[in-house]
Amino acid sequence: MRRAELSALIWKQLPFLFNPNEIPAIYVDRAMKYVNKEKIIGSTKTNTGHRQILLSNAAIKALKSQLKRQQNLAMRNNVAFKQTDYVFTTSTYNSLTPASITSNFCRNKHRAKIVNQNISFHSFRHTHATLLMQNGLSEKAIAERLGHKSFVFTFNRYTHSTKEAQEKIVDFLNKKPV
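Residues numbered from 1 in each chain as written. Predicted model: local features only at pLDDT ≥ 70, side-chain atom pairs only at ≥ 80, totals over all residues. Heavy atoms only, no water.

Notes on a nonpolar patch on the surface
Next, step 1: On the surface, a nonpolar cluster with roughly 310 Å² of combined accessible area is contributed by Ile 169, Phe 172 and Leu 173.
Next, step 2: Mapped onto the secondary structure, Leu 173 falls in helix H7 (residues 163–175). (Patch = residues over 30% accessible without salt bridge, like charges linked within 9 Å, V, L, I, M, F, W, Y side chains within 5 Å. Areas by Shrake-Rupley, 256 points an atom, 1.4 Å probe, with all protein chains shown as cover. Salt bridge = Lys/Arg side-chain N within 4 Å of Asp/Glu carboxyl O. Helix = DSSP H or I, 4+ residues; strand = E, 2+ residues; numbered from the N terminus.)

Some words on unusual backbone geometry
Next, step 1: If you check the backbone angles, Tyr 93 has positive phi at about 70 degrees while not being a glycine.
Next, step 2: Among the secondary structure elements, Tyr 93 is positioned in the loop between helix H2 (57–76) and helix H3 (98–111).
Next, step 3: By relative accessible area, Tyr 93 is classed as buried at 12%.
Next, step 4: Of note in the backbone geometry, Lys 113 takes a positive phi value of approximately 60 degrees without being a glycine.
Next, step 5: Looking at where Lys 113 falls in the secondary structure, it is placed in the loop between H3 and helix H4 (123–134). (Buried < 20%, exposed > 50% of the residue type's maximum accessible area, 1.4 Å probe, protein only.)

A short note on the packing of H4 against helix H5 (residues 139–146)
Next, step 1: Between H4 and H5, the shortest axis-to-axis distance is 10 Å and the interhelical angle comes to 165 degrees. When the axes of H4 and H5 are compared, the pair comes out roughly antiparallel. When the axes of H4 and H5 are compared, the crossing they make is right-handed. In contact with Arg 125, His 128, Ala 129, Leu 132 and Met 133 of H4, H5 contributes Glu 139, Ile 142, Arg 145 and Leu 146.
Next, step 2: Across the contact of H4 with H5, the residue classes tally to 5 nonpolar, 1 polar and 3 charged. (Axes fitted to C-alpha atoms, helices over the stretch in contact; angles between N-to-C directions. Parallel < 35°, antiparallel > 145°, perpendicular 65-115°, else oblique. Left-handed = near helix turned anticlockwise from the far one by under 90°. Contact = heavy atoms within 4.5 Å. Nonpolar A, V, L, I, M, F, W, Y, C, P; charged D, E, K, R; others polar.)

Okay, here's the thing in structure tokens:
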């Protein structure tokens, strides 16, 4: 997901956490931006940005853990927890902004001693697309998952060649007679 989509994410967009009959998915239809220092919650970057993202077991577990943290945080801040509350907040229960997501990422990158300056929070979207592509998953599904209209855009802009992919080509060529 994009930083603006994560910043605007509310629990209501994760209905499976409150109703076991719901599909474990995130319903992305909002994004946060700032105009003249004023927070605006609006539509996603593009119309295809409105999407349903099915979740892995690890993501479900992480979101359930985040829900418990947020419910406890609301209690500590004397606030009634609501499904319209933000999923990701500060310790004072204010929404994270796209800029604060970047700041937190940079701080954690520094703590982890990652010195490559080319790695940004957005790099996770590129890595995600590359790994899905490398594992032979549906090109159209990958583009939809990222909120892109065209797989051509996803392929050209988001997927990157890896050493493993190059080695796989060589293995394939070595097995096939020319």
